[in-house]
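Results of the structural survey
Listed below are the residues making up each chain.
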Amino acid sequence: MRICGGTTQKAIYGRAPSPSENAVMVFAATRSMRKGHVAVVTKLVSDRQIVVDHANWMRDGRVYLNMPVMDVSPGNDWSQVRVWNARDGQWAAASIRSADSSRRVRPPKAHIFLLS
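Calculation rules
- Residues numbered from 1 in each chain as written.
- Predicted model: local features only at pLDDT ≥ 70, side-chain atom pairs only at ≥ 80, totals over all residues.
- Heavy atoms only, no water.
- Helix = DSSP H or I, 4+ residues; strand = E, 2+ residues; numbered from the N terminus.
- Buried < 20%, exposed > 50% of the residue type's maximum accessible area, 1.4 Å probe, protein only.
- Contact = heavy atoms within 4.5 Å.
- Areas by Shrake-Rupley, 256 points an atom, 1.4 Å probe, with all protein chains shown as cover.
- Salt bridge = Lys/Arg side-chain N within 4 Å of Asp/Glu carboxyl O.
- Polar contact = N/O pair within 3.5 Å; in protein donor to acceptor, adjacent residues only side chain to side chain.
- Pairing = 2+ DSSP bridges.
- Phe/Tyr/Trp six-rings, centres within 6.5 Å; stacked < 30°, edge-to-face > 60°.

In terms of helices and strands, the protein carries zero helices and ten strands. Reading the protein from its N terminus to its C terminus gives the helix and strand order β-β-β-β-β-β-β-β-β-β. Taking all 116 residues of the protein together, 34% fall into the buried category. Considering only intrachain contacts with a sequence separation of at least 6, the fraction spanning at least 24 residues in the protein is 40%. Accessible surface, the protein: about 7,500 Å² in total, of which carbon and sulfur atoms supply 51%.

In structure tokens, the structure reads:
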């Protein structure tokens, strides 16, 4: 699979509301994450937890393998997630607060699959 950026190239991607293995999880840009973020789903653990591989999550240039991501959305629809913080050994805080909790959660933009 080859993914290229830039304004002159376009690709067609399918989108799904929930993750699957080898899906690319895309996080929208926020104040604290100005360019957004991507992670590759490597394992489905349960209907509420997955494992991803991604790089530079802690803004340290490192690659993080086998990192848990938890769906914390009230409707179990992956509209709000928490990502494991390996440095602190806890679920990471993020930019959007859940309505039913003082803990912060991050909404992924989409789970994207390459179609063609």
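From this point, the narrative continues.
Taken as a whole and judged by the stated rule, the model has one salt bridge. In this structure, Asp 71 and Arg 48 form a salt bridge, with 3.5 Å as the shortest nitrogen-oxygen distance. Separated by 23 residues along the polypeptide, Asp 71 in strand β5 (residues 63-71) and Arg 48 in the loop between β3 (37-46) and β4 (49-55) bring together distant segments of the chain. Residue classification places Asp 71 among the buried positions, given a relative accessible area of 2%.

Another aspect to go through is the side chain of Asp 71. A distance of 2.7 Å separates a polar atom in the side chain of Asp 71 from a polar atom in the side chain of Ser 73. At a separation of 3.4 Å, a polar atom in the side chain of Asp 71 contacts the main-chain amide nitrogen of Trp 78. Setting aside residues up to four positions removed in sequence, Asp 71 forms contacts with Asp 47, Arg 48, Asn 76, Asp 77, Trp 78, Ser 79, Gln 80 and Val 81.

This part takes up the pairing of strand β6 (residues 81-85). Here β6 lies mainly inside the structure; four of its five residues are buried. In the sheet, β5 pairs with β6 via three bridges, with the strands oriented antiparallel. Of the residues in β6, the one forming a bridge with Asp 71 is Val 81. As paired elements, β6 and strand β7 (residues 90-91) share two bridges and run antiparallel to each other.

The next point concerns the packing of aromatic side chains. According to the stated counting rule, one finds one aromatic pair in the structure shown. With 5.3 Å between their ring centres and 85 degrees between their planes, Trp 84 and Trp 91 make a pair best called edge-to-face.

At Asn 22, a position not held by glycine, the phi torsion is positive, near 75 degrees. Counting through the fold element by element, Asn 22 comes out in the loop between β1 (13-16) and β2 (24-27). You will see that Asn 66, though not glycine, has its phi angle at about 55 degrees, which is positive. Counting through the fold element by element, Asn 66 comes out in strand β5.

Take the environment of Val 41 next. On the secondary structure map, Val 41 appears in strand β3. Assessed through its relative accessible area of 0%, Val 41 is described here as buried. Put simply, Val 41 and Asn 66 are 25 residues apart on the chain and 9.1 Å apart in space, counted from C-alpha to C-alpha. Dropping the residues within four chain positions of it, Val 41 is found in contact with Pro 19, Ser 20, Glu 21, Asn 22, Ala 23, Ile 50, Val 51 and Val 52.

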